[in-house]
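Notes for the structure review
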Amino acid sequence: MECLLCNGPVFRPPTWTGLFSDRGKSFICVKCEAEFEPDGRRPPLEDWNGTPYEGVLDDANSLYAYNDAMKSYLRQYKFLKDAALAAVFSETLRKAAILKGRTAVPVPMHQDRLAERTFPQVEELLVQADIPFVRLLEKTTTRNLGRLGRKERMESEPLFSLSEGAEVRRADYVLVDDLYTTGTTLHHAAHILKKYGARSVAALTLIRA
Ligand SMILES: [Zn+2]
């Protein structure tokens, strides 16, 4: 098969699981894979200490750095709407330890944004990786708070509401999103889940910007 990023050949030794399913199958070549820089660190949640959002996230993990290769991947995935690219990080996502024992909740886009982007990009990462998830949240604004100053972000109106008919259990959830920049989106989302009874909320992002 061809690499989804450079169209070069993908040479991989066959594996037993690969014979029966897509598990363990690589969608990009070794050269392209080497361009991505694994991160695996916990984003700085302590930036939120002393705010009303302190402690709403119990844990967090981010898988890759936001380097040139990742920027170009994200551009192609999000803006050129190349849905096939959702599979590139399936294997890494599936192995993320923070998912163990937790229910995944994708961070949604606003309906208007979804119409522009044509498909729910974070959800698609989970679908391709075969990670079960529940939809609990609805984005209530199209504003991008990442560009605002710290004080404005802290004082902004809520970014999410609970989806109609959604039921938050006394369970451990893990929010899944593409980017961790300032953490505003994830803290707002976690706050809603806690407010409606979640026992704990963690966050997993593909990239730490
Ligand atoms: Zn390649």
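Keep in mind the model is a prediction, meaning the values are calculated, not measured.

**Here's the deal with the overall build of the chain**
If you tally the helices and strands in the chain, you get 8 helices and 6 strands. Starting at the N terminus, the α and β elements of the chain follow one another as α-α-β-α-α-β-α-α-β-α-β-β-α-β. Residues classed as buried in the chain amount to 46% of the 209 residues present. Across the chain, the fraction of contacts at a sequence separation of at least 24, relative to all contacts at a separation of at least 6, is 74%. Accessible surface for the chain amounts to roughly 11200 Å². Of this, 50% is attributable to carbon and sulfur atoms.

**Points about the environment of V88**
With respect to the element layout, V88 can be found in the loop between helix 3 (68-79) and helix 4 (90-95). As for V88 and C3, which are separated by 85 residues in sequence, their C-alpha atoms are 9.6 Å apart. If near-sequence neighbours (up to four positions away) are discounted, V88 is found in contact with L4, I28 and Y73.

**Re the pairing of strand 6 (residues 200-208)**
Taken across its 9 residues, strand 6 has 8 buried, putting it largely inside the fold. Sheet topology note: the strand 1 (residues 59-65)/strand 6 ladder contains 6 bridges and is parallel. Within strand 6, the position partnered with D59 by the bridge is A202. Two strands pair when backbone bridges link them, and strand 5 (residues 172-180) and strand 6 are joined in this way by 8 bridges, in the parallel orientation.

**Overview of unusual backbone geometry**
Most of the time, phi is negative for any residue but glycine, and the peptide bond is trans. Even without being a glycine, T118 presents a positive backbone phi close to 70 degrees. Mapped onto the elements, T118 comes out in the loop between helix 5 (111-117) and helix 6 (121-128). Using a relative accessible area of 54% as the deciding quantity, one classes T118 as exposed. Not every positive phi belongs to a glycine, and D130 is a case in point at roughly 65 degrees. With respect to the helices and strands, the residue D130 is situated in the loop between helix 6 and strand 3 (137-139). With a relative accessible area of 52%, D130 lands in the exposed category.

**Let's talk about the layout of surface pockets**
When its volume is computed, the largest pocket comes out at roughly 1100 Å³. Along the wall of the largest pocket there are 44 residues; nearest its centre are K78, M109, K139, D177 and D178. Among the elements of the structure, helix 3, helix 5, helix 6, strand 3, strand 5 and helix 8 (184-195) are those that each provide at least two residues to the lining of the largest pocket. Counting residues per element, the lining of the largest pocket draws most heavily on helix 3, which supplies 5 residues. Class assignment for the residues of the lining of the largest pocket results in 18 nonpolar, 13 polar and 13 charged.

Cut-offs applied
Residues numbered from 1 in each chain as written. Predicted model: local features only at pLDDT ≥ 70, side-chain atom pairs only at ≥ 80, totals over all residues. Heavy atoms only, no water. Helix = DSSP H or I, 4+ residues; strand = E, 2+ residues; numbered from the N terminus. Buried < 20%, exposed > 50% of the residue type's maximum accessible area, 1.4 Å probe, protein only. Contact = heavy atoms within 4.5 Å. Areas by Shrake-Rupley, 256 points an atom, 1.4 Å probe, with all protein chains shown as cover. Pairing = 2+ DSSP bridges. 1 Å grid on protein atoms, 1.4 Å probe; cavity = no way out; pocket = protein on both sides within 12 Å on 5 of 7 lines; lining within 4 Å. Points joined across faces, edges and corners; volume = space filled by probe spheres on them. Nonpolar A, V, L, I, M, F, W, Y, C, P; charged D, E, K, R; others polar.

Honestly, that's just the spatial picture; any functional story needs more than this.
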